[in-house]
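Here is how the chains run, residue by residue.
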There are 2 protein chains.
Amino acid sequence: MNINTNYLNLEESYLFSTIARKVNEFQEANKDAKVIRLGIGDVTLPLTNSVVSAMQEAVTEMSNSETFKGYGPEQGYEFLRTAVKEYYGRKNVELAPDEIFISDGAKSDLGNILDVFELEGTSLIPNPVYPTYLDTNVMLGRKINFLNGNENNNFLPMPEDGDGGDLIYLCSPNNPTGATYTRDQLQIWVDYANKNGSVILFDSAYETFIKDDNLPTSIFEIEGARTCAIEFCSFSKTAGFTGTRCGYTVIPHDLVLNGTKVNKLWLRRQTTKFNGVPYIIQKGAAAVFTEQGQKETRANVAYYLENAKIIREAFTELGFWFVGGDNSPYIWIKCPAGYDSWQFFDKLLNEAHVVGTPGVGFGSNGQGYFRISAFGNRENVIEATERIKKLFR
Amino acid sequence: MNINTNYLNLEESYLFSTIARKVNEFQEANKDAKVIRLGIGDVTLPLTNSVVSAMQEAVTEMSNSETFKGYGPEQGYEFLRTAVKEYYGRKNVELAPDEIFISDGAKSDLGNILDVFELEGTSLIPNPVYPTYLDTNVMLGRKINFLNGNENNNFLPMPEDGDGGDLIYLCSPNNPTGATYTRDQLQIWVDYANKNGSVILFDSAYETFIKDDNLPTSIFEIEGARTCAIEFCSFSKTAGFTGTRCGYTVIPHDLVLNGTKVNKLWLRRQTTKFNGVPYIIQKGAAAVFTEQGQKETRANVAYYLENAKIIREAFTELGFWFVGGDNSPYIWIKCPAGYDSWQFFDKLLNEAHVVGTPGVGFGSNGQGYFRISAFGNRENVIEATERIKKLFR
């Protein structure tokens, strides 16, 4: 037996381990310094009351033989798929319940979806990018073309003739840049995909951060998307489920390749290689869609967006170029002249005791950029931005 | 873009849908008949008190920002990996904590493990078999050889020279047959794998049902297994987690193919395409390994094994040939002369109002056999066996 040698082509990422090492070394040498972390891509607010109550109730159900649940449907309980369907309905996107697949998170599905496609063909992947897109393609030995994000296109690359791309990865609002595609831009992508027979893998994990009514929160708000797109969404950032694990993937029945519904292939993949999300977790996820649950999660998102606003205002005051932070929890700033991503990281750490994420860690086009996250607590965000303003004023 | 055309080679399984249809039709036509289901491969006892308390506590932790947990380690929290390590230690199997990977169940890992191996090479798969082994190989277009289980080998096939097999699937205690390999038999398999450079994928999901101290409950009790085997285990049948979703996979550091540790590849696979099991569920799983948790789960397993004993005694009395049910929750009986699997199904349903699973649904070598499950409640098991005895006496 031999290994899958494509794995040997993966680059080791030292991004977060290097950050951790540098922060530890600094803290060792400066024991009294209060280091503030704005590098984190994880939520910090706890689960809301509606979710907690629903899960407590579900745990109790599991303790009683009358209400105990064994194997559930691999694609998710109907109560949760219906709740997702109604959520889409409120944004005027009509879905059938069996177009929705409940999963343990967008990361799993974004990787596993490649199972149902042929290995030949090219993937079009943004640079900079969430590393999972790239690594899962490298693992399969797929051909990869990059979509260049840069200051000129506000880190929202658009297709050009000849780009090709059988699979196209789009993430909006974007991780790591926080940039968000407009309706017109997504229409161009959908038209491009339909013309070329491409499939768009649309990562909408940050959709609840969109506050501008003109921006689409789902690819299926765009005409023609049902024949060319799959959408991956998650409760992780919406409802603080990063450690609770639930997401959903939407595959329209109209997405047909060579006479076969991709929806049907994915159902077969999931029933064969997955056993569903815990009943307890699905009950918690369903509570997110109740009226009270929506109110609570909106409050949490508003809290993070207020943090983002404070960060935006600080960098506006300093005259830094940036995108994001208006409809997303990330602010992607251009480092001041003379600093590359890591030099800026060191400067912030050593002189402001603030930790962020070097943009180059997300791809070569991230060199000279820096990601600041709004997932901290208010007090720390205010203190960090005051220190940064003092340092660069 | 084209689909993965290997999916078109999958056979549709109508096993459980056909059973459901036949039972519904019978019940429609015989409204007063009390149908007893001994076909189920799912647990029926609720989660135990230790597990429920641990999960209630964990849900409460998630509601408080001081104790809230965001992203956890993809390979599982150390508290749970240590508990699994100690569990193995009690059967004199020494593992390092980083040889243990917590997952959402054996089914997921048994399918996903194929990611880290080359596509070329042959899989050796038992017939009859748990359908996931076969289907996940078909999805990748891998070459497949079958290992024939039959009455002569008590449904415990052994290797023969020339069988080849780069990947070898073994399941003991077996689903669907309930047959359990002895230590000597597994030693022959391990020696065969080491000699041929094969990897054994060992499914031990039913290991807690082994009550005979002479039978191995882990492949790693066998000398030489650390260089050729991966073990997949689950809380599903041990602790009633079929709807709660937690398992673990053991990959020893000594399993090295072409100079690369398979453990390292799997870690990379999981950190890239998986985001870990919910914290709440991992806390519940850890409670299974406490002294009280072990006591409770042993009581549940004993309950199912007592059911199995009642079923065995009935078929012994009737003079049917069977395997299983002594160290497993399944009894695999040979249908009486003149009955194939489905004819026997119809006879039991129509005349005893008892539902089981036709063996042919698990592969061609299951033709003429029938699976009875002990996962029912005591009263029903007693009534069903009385009816069967009356019918065939």
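**Q** Account for the pattern of salt bridges, with residues named and values stated.
**A** Residues and elements named next belong to chain B. A complete count under the given rule lists 44 salt bridges over all chains for this structure. For D115, the salt bridge identified is with R269, shortest N-O distance 3.0 Å. Placement of D115 in the loop between α4 (106-112) and β3 (122-127) and of R269 in helix α8 (residues 262-273) is noted, with a sequence separation of 154 residues between them. Both residues of the pair, D115 and R269, belong to the buried class.

**Q** Explain the relation of the copies chain A and chain B residue by residue, including any values.
**A** For the pair chain A and chain B, the superposition axis carries a translation of 0.0 Å, the fit reaches an RMSD of 0.0 Å, and the rotation angle comes to 180°. The transformation relating the two chain copies, once decomposed into turn and shift, fits a two-fold axis. Rotation axis and chain A: the residue whose C-alpha lies nearest the axis is A:Q56, separated from it by 3.0 Å. Both copies share a contact surface, since 100% of the interface residues of chain A are interface residues in chain B too.

**Q** Provide a residue-level description of the packing of aromatic side chains, including the pertinent values.
**A** By convention here, two paired aromatic rings are described through the distance between centres and the angle between planes. Residue and element names in this part refer to chain A. A complete count under the given rule lists 62 aromatic pairs over all chains for this structure. Look at Y330 and F375: their rings are 6.0 Å apart centre to centre, the planes differ by 85°, and that puts the pair in the edge-to-face class. Here Y330 is found in strand β12 (residues 330-334), whereas its partner F375 is found in the loop between β15 (369-373) and α12 (378-392), with 45 residues between them in sequence. Note on accessibility: Y330 and F375 belong to one class, buried. Among the aromatic residues, those joined into a cluster by ring pairs are Y87, Y88, F235, F241, Y248 and F289.

**Q** Please give an account of the sheet that holds strand β8 (residues 247-250) of chain A that cites residues and values.
**A** Residues and elements named next belong to chain A. Here seven strands make up an open sheet; going across it, the order is β2-β8-β7-β6-β5-β3-β4 and the pairing mixed. The open sheet has two edge strands, β2 (100-103) and β4 (143-148), and neither has a second partner. Mean inter-strand twist for the sheet, computed between neighbouring axes without regard to direction, equals 20°. Across four bridges, strand β7 (residues 229-234) lies against β8 in antiparallel orientation. Each bridged residue has a counterpart across the sheet, and for F232 the counterpart in β8 is T249.

**Q** Got a sec to walk through a positive patch on the surface? Specific residues and values, please.
**A** All names here are of chain A. A cluster of basic side chains, namely R90, K211, K295 and R298, defines a positive patch on the protein surface. Tracing the backbone shows R90 in the loop between α3 (78-89) and β2. For R90, a relative accessible area of 52% gives the class exposed.

**Q** Please provide a residue-by-residue account of the interface of chain A and chain B, values included.
**A** Tallying the contact residues gives 74 residues for chain A and 74 residues for chain B. A combined buried area of about 6,300 Å² lies between chain A and chain B, and 57% of that area is made up of carbon and sulfur atoms. Its largest share of buried area at the contact with chain B, chain A owes to A:M1, A:R268 and A:K273, together 14% of the area lost on that side. Counting across the chain A and chain B interface gives five salt bridges.

What counts, and where the lines are drawn
Residues numbered from 1 in each chain as written. Chains lettered and ligands numbered in written order. Predicted model: local features only at pLDDT ≥ 70, side-chain atom pairs only at ≥ 80, totals over all residues. Heavy atoms only, no water. Salt bridge = Lys/Arg side-chain N within 4 Å of Asp/Glu carboxyl O. Helix = DSSP H or I, 4+ residues; strand = E, 2+ residues; numbered from the N terminus. Buried < 20%, exposed > 50% of the residue type's maximum accessible area, 1.4 Å probe, protein only. Least-squares fit on C-alpha atoms with pLDDT ≥ 70 in both. Contact = heavy atoms within 4.5 Å. Phe/Tyr/Trp six-rings, centres within 6.5 Å; stacked < 30°, edge-to-face > 60°. Pairing = 2+ DSSP bridges. Axes fitted to C-alpha atoms, helices over the stretch in contact; angles between N-to-C directions. Patch = residues over 30% accessible without salt bridge, like charges linked within 9 Å, V, L, I, M, F, W, Y side chains within 5 Å. Areas by Shrake-Rupley, 256 points an atom, 1.4 Å probe, with all protein chains shown as cover. Lys, Arg positive; Asp, Glu negative; His and termini not counted. Charge placed at Lys NZ, Arg CZ, Asp CG, Glu CD. Buried area = accessible area lost by both parts, 1.4 Å probe.

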